[in-house]
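Tertiary structure, described
Chain by chain, the residues run as shown.
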Amino acid sequence: MTSISRRRFVQSSSALSLAAATTGGFSPYAFAQEKTVALRLSSSHVADLNSSHFAWSQLMQANLKKAVGEQIRIDYFPNNQLGKESDVVQQVKVGSIDMMLTGSSIWATVTPQLGMLDLGYLFDSYDHVARAIDAGVGAKLNDMLARSTGCQIITWGAHYGARNVYTKQPVKSLADIRNVKLRVLPTPAFIETFKIMGAIPTPISFGELYMAAQTGVVDGFEHDAGTVLANKLNEVVKHCWMTEHLFSPMVCVAGKRAMDRVPAALRPAFLKAAADSTLQQRQIGNERSQQAIDDLKKTGITFTPMAKSERDQVRKEMETKLWAGFAKQYPETGPLFASINATRA
């Protein structure tokens, strides 16, 4: 599966092709005789170039092979093959699955401080996310995750575009979204964000989303354009209200057992390969996001920007009701909110 995916991947993107091409180079570890450490990497996304998960995994495989040869191998399992996300979190904790690519959201179920990243309108763009994460917010949240679970975030990436609201019927304003049933992740931050906006947040796992929208269990959902396109969710909705309410970080989380399996001498190269993959992925993220929107328009999805006045109104409500309340509940996040505000452009 990996070789076929990589061939398709190489044909589709010059940036990623360059990364994959490097796997043919010589490595100081190329002829090492040690047994290969195979790490299982889980994702809920399909193996598609519009998926930020798939793109990062391909870059990681290429960069890792260049760095350590065959001594460490990433085996990528897309499309919930190893289980739904909530179950995979537990399996990464105990070590039966090595790593997980996902949004930071699901890990808030075991380390609630991470939920601050899902609070509506906290970030202005993925560039803003990167500045804040790289300025120390990411390291502090990773410390909290390690203390509570033993796991660690080996990199902070980005999904392809802001999360917007997708619905069957047109939604163009706060008045229109009132009482609309929207699928959200089962975390307090997502639920409270859409309660403030007037919708009816309905927690459903990602693997069940397509059927839930198709059968009318929900009226719509919120997600980024790349994920909508990759998972053919455009088949069950027709309208997008461009709320840009969330720029959700993509994370790769490794369990303690997985990191212990990586030889100490190779660990710096392993982590550098992850960091390099994220930098490469960030560089193509904006382009991929716009391309996904353009492709969705071709399928018949109509896009309506959120009015600035309504965005400003909602953002103020979020700051007053959600951000302040979250910092009060989890005092250690207070300085992180200040850091995020300090990194605004």
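This text follows the structure it describes.
Residues numbered from 1 in each chain as written. Predicted model: local features only at pLDDT ≥ 70, side-chain atom pairs only at ≥ 80, totals over all residues. Heavy atoms only, no water.

This part takes up the packing of aromatic side chains. Using the criterion set out here, one finds six aromatic pairs in the structure. Pairing Tyr 166 with Phe 303 gives two aromatic rings, centres 6.4 Å apart and planes at 90°, and the pair type is edge-to-face. Of this pair, Tyr 166 sits in strand E5 (residues 163-167) while Phe 303 sits in strand E11 (residues 302-305), and the two are 137 residues apart along the sequence. Exposure remark for Tyr 166: the relative accessible area of 0% places this residue in the buried category. Given the relative accessible area of 16%, Phe 303 is considered buried. Aromatic pair Phe 326 and Tyr 330: ring centres 5.0 Å apart, planes at 50°, arrangement tilted. Take Tyr 330: its relative accessible area is 19%, and that puts it in the buried class. Above the plane of the ring of Phe 77 lies Arg 40, whose end atom (NZ or CZ) is 5.8 Å from the centre. (Phe/Tyr/Trp six-rings, centres within 6.5 Å; stacked < 30°, edge-to-face > 60°. Helix = DSSP H or I, 4+ residues; strand = E, 2+ residues; numbered from the N terminus. Buried < 20%, exposed > 50% of the residue type's maximum accessible area, 1.4 Å probe, protein only. Lys NZ or Arg CZ within 6 Å of the ring centre and 35° of its normal.)

Take empty space enclosed by the protein next. All told, the structure shown has one cavity of 30 Å³ or more when counted by the stated rule. Of the pockets and cavities examined, the largest cavity occupies roughly 120 Å³. Lining the largest cavity are 15 residues, with Glu 85, Gly 103, Arg 163, Leu 185 and His 223 positioned closest to its centre. Split into classes, the residues belonging to the lining of the largest cavity amount to three nonpolar, nine polar and three charged. (1 Å grid on protein atoms, 1.4 Å probe; cavity = no way out; pocket = protein on both sides within 12 Å on 5 of 7 lines; lining within 4 Å. Points joined across faces, edges and corners; volume = space filled by probe spheres on them. Nonpolar A, V, L, I, M, F, W, Y, C, P; charged D, E, K, R; others polar.)

For the rest of this paragraph, the subject is helix H13 (residues 334-342). Given 3.6 residues to a turn, an α-helix orients residues that are three or four positions apart in the same direction. Restricting attention to buried positions, one finds in H13 the residues Leu 336, Phe 337 and Ile 340. One face of H13 carries all of its buried residues, which in axial projection span an arc of 105°. Elements that come into contact with the buried residues of H13 comprise helix H5 (126-149) and helix H12 (308-329). (Arc of directions from axis to C-beta. Contact = heavy atoms within 4.5 Å.)

What follows is about the layout of surface pockets. Rolling a probe over the atoms, with the probe sized like a water molecule, indicates the empty space that remains. Put simply, the largest pocket is a space of about 410 Å³. Taken together, 25 residues line the largest pocket, and the ones lying closest to its centre are Tyr 126, Gly 161, Ala 162, Phe 247 and Asn 286. Every element with two or more residues in the lining of the largest pocket is listed here: H5, strand E4 (152-158), strand E9 (239-246) and helix H11 (267-298). A per-element tally of the lining of the largest pocket places H11 first, with six residues. Taken together, the residues that form the lining of the largest pocket break down as 12 nonpolar, nine polar and four charged.

Turning to the sheet that holds strand E3 (residues 99-103), a few remarks are in order. Strand order across the open sheet formed by five strands is E2-E1-E3-E10-E4, with mixed pairing between neighbours. This sheet does not close on itself; its edge strands, each paired only once, are strand E2 (72-77) and E4. With direction set aside, neighbouring strand axes in the sheet form an average angle of 25°. Direction of pairing for strand E1 (residues 37-43) relative to E3: parallel, over a ladder of three bridges. Along E3, the bridge assignment pairs Ser 42 with Met 100. Sheet strands in contact with helix H4 (residues 85-94) are E1, E3 and strand E10 (249-254), and its direction is about 140° off that of E3. Along the sheet face, H5 touches E4 and E10 and points at about 165° away from the line of E4. (Pairing = 2+ DSSP bridges. Axes fitted to C-alpha atoms, helices over the stretch in contact; angles between N-to-C directions.)

A few words on the pattern of salt bridges. Side-chain pairs of opposite charge can arise where the charged atoms are in close proximity. If you walk through the whole model with that rule in mind, you get 12 salt bridges. With its nearest N and O atoms 3.0 Å apart, the salt bridge here joins Arg 344 to Asp 124. Here Asp 124 lies in the loop between E3 and H5 and Arg 344 lies in the segment after H13, a separation of 220 residues in the sequence. The partly exposed category is assigned to Asp 124, whose relative accessible area is 35%. A salt bridge links Arg 315 to Glu 319; the shortest N-O distance between them is 3.9 Å. In this pair, Arg 315 and Glu 319 are both assigned in helix H12, four residues apart and thus about one turn of the helix distant. Arg 315 sits in the partly exposed class, given a relative accessible area of 22%. Judged by its relative accessible area of 35%, Glu 319 is partly exposed. (Salt bridge = Lys/Arg side-chain N within 4 Å of Asp/Glu carboxyl O.)

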